[in-house]
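# Structure assessment
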Amino acid sequence: FFFFFQAEDGIRDFCLSRGLGDVYKRQVRKSIISMIKKTFKLALLQTRLAAQKSEILNHVKEAIGQAAKNGAQFLVLGETFNSFYVKDHLYKNAESLSDPADKKPTITLMSDLAKSHQIYIVAGTIPERAPDNRLFNTCFVFNPKGEIIASYRKTHLFDIDIPGKITYKESETFAPGEDITMFDTEFCKVGLGICYDLRFPDQAMIMARKGCQLLVYPGNFSMTTGGLHWELLNRARALDNQVYFAAAAAARYVEDTSVYQSWGHSMVVDPMGKVAASTEYNPCLLYTSPSPR
C-alpha cells in the first residue's frame, strides 16, 4: 500500500506541475478508486429505545415503513438497536438464527420488512446467541427478497476505563468475531464494521481496496468519546479510503441516565470527507443519495 500511494502521489504531482489538475481529477482518480454504480437513496434510522423489545420493534416497523414511503432503497439501523446496551438486557434480548420465527422477532421482522418494502436493510446490530451459547454483537444484512445475504460479528470489543468518566468492558458480554465481511448490491459493494472497529483503519482500508464503495458501521459511541472522536473518525475513514461512510447509532435514552448513553449523531460522510447528512441524539430518519462521481 505504501508503494501504491507513492505512485499515486507521483502521478498527481506530474499532472499538477503541467497544469493538468483537471485531467488528474477526471481520469487518474477515477481509475484508482472504485465507483458507486448508480445513484440510490440511503436512509439511516436512529432508533428510539425502550425497556421492552416489542416496543422498540414497533417503532422500527413504523419508521422503516416511513423510510420506504419516502423512497429509501437501502436502510441502516444502529448498534444494538433492539436492546438497551446493558448486559442483562443484551442477554434477555439475544436471538439465534436457529430459533423458531416467534423466538427471533427482530430477525423475523427485518426479513419481513425488507421483503414487503423491497429494500436492503443493514440491521444495525443485535445480540446474537451462538449455538455454543456465546453472545456476539452481530450485524445481519437482508436483501429485498428478505434473505440474509451477509452477517458480521464485531471484531474489536470496546473495553475502556477512563477514571472518573467511564468504565465499560464489552468483552465481559460479547465474544469477538474473526471475519471481514463485504457484500454486493446493484448500487455498490458494501463493507461492514461495528463501532469500536472505527479505530482500526486497516479494516476499512482492506475493504476499500477490495472494491467497497460504501462502508457501513453501526455504532454507539459513549458520551465521553463521542464528542471527541465520532465525527472525526467517520470523516477520516471516508477520506482515507475515498468511500462513502454510513455510521448509524441508536438514539440516546435520556429517560434513565443509569442506562448506557449513546452519543447518537448518526451520519453519512462522502468520499471527500464532507458530512452529507447528520443528526443529533434524538430518534430520527436521515437521508442522502450516494452517486457516481
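In the block above lies the structure referred to throughout.
Below or above, wherever it landed, is the structure these notes cover. Note that the structure is a prediction, hence the values are computed from the model and not measured.

Our next topic: the packing of helix 6 (residues 201–209) against helix 7 (residues 226–241). Two elements in contact, helix 6 and helix 7, have axes separated by 10 Å at closest approach and are oriented at 40°. When you trace helix 6 past helix 7, the crossing you get is right-handed. Along its contact with helix 6, which presents Pro-201, Ala-204, Met-205, Ala-208 and Arg-209, the element helix 7 presents Arg-237, Asp-240 and Asn-241. Residue composition of the contact of helix 6 with helix 7, grouped by class: 4 nonpolar, 1 polar and 3 charged.

All right, on to unusual backbone geometry then. The backbone of Asn-133 shows a phi angle near 75°, a positive value even though the residue is not glycine. As for its placement among the helices and strands, Asn-133 is situated in the loop between strand 4 (126–129) and strand 5 (135–142). Among the residues examined, Asn-133 registers a relative accessible area of 57% and is labelled exposed. A positive phi angle is found at His-265, which is not glycine, with a value near 55°.

Time to look at the sheet that holds strand 13 (residues 267–269). Spatial strand order, 9-10-11-12-13-14: 6 strands in an open sheet with mixed pairing. One side of each edge strand has no neighbouring strand; the edge strands of this open sheet are strand 9 (181–184) and strand 14 (275–278). The mean angle between the axes of side-by-side strands here comes to 15°, regardless of whether they run parallel or antiparallel. As paired elements, strand 11 (residues 214–216) and strand 12 (residues 244–247) share 3 bridges and run parallel to each other. By the bridge assignment for strand 12, Leu-214 is matched with Tyr-244.

We now examine helix 7. The end-to-end C-alpha separation of helix 7 is 22 Å, in line with the 22 Å expected for 16 residues at 1.5 Å each. Looking at helix 7, one finds that the buried residues are Gly-226, Trp-230, Leu-233, Asn-234, Arg-237, Ala-238 and Asn-241. Looking at the buried residues of helix 7, the elements they touch are helix 6, strand 12 and strand 13. Gln-242 occupies a position one or two residues after helix 7 and carries a positive phi of about 55°.

Summarising the element assignment, Asn-234 is placed in helix 7. Judged by its relative accessible area of 0%, Asn-234 is buried. Filtering out sequence-adjacent residues up to four positions away, Asn-234 remains in contact with Leu-198, Phe-245, Ala-247, Met-267 and Val-269.

With 44 residues, the main nonpolar core has Phe-74, Val-122, Leu-214 and Val-216 as its most contacted residues. Of the residues forming this core, the biggest block, 4 residues, is contributed by strand 12. Residues within four places of Val-122 in sequence aside, it is in contact with Phe-74, Leu-75, Val-76, Leu-77, Cys-139, Phe-140, Val-141, Phe-183, Leu-192 and Val-216. Residues Leu-49, Ala-50, Ile-56 and Ala-63 belong to the second largest nonpolar core, which totals 29 residues.

Rules used in this analysis
- Residues numbered from 1 in each chain as written.
- Predicted model: local features only at pLDDT ≥ 70, side-chain atom pairs only at ≥ 80, totals over all residues.
- Heavy atoms only, no water.
- Axes fitted to C-alpha atoms, helices over the stretch in contact; angles between N-to-C directions.
- Helix = DSSP H or I, 4+ residues; strand = E, 2+ residues; numbered from the N terminus.
- Left-handed = near helix turned anticlockwise from the far one by under 90°.
- Contact = heavy atoms within 4.5 Å.
- Nonpolar A, V, L, I, M, F, W, Y, C, P; charged D, E, K, R; others polar.
- Buried < 20%, exposed > 50% of the residue type's maximum accessible area, 1.4 Å probe, protein only.
- Pairing = 2+ DSSP bridges.
- Expected span 1.5 Å × (residues − 1).
- Core = buried A, V, L, I, M, F, W, Y, C linked by side-chain atoms within 4.5 Å.

By themselves, these observations are geometric and do not establish any function.
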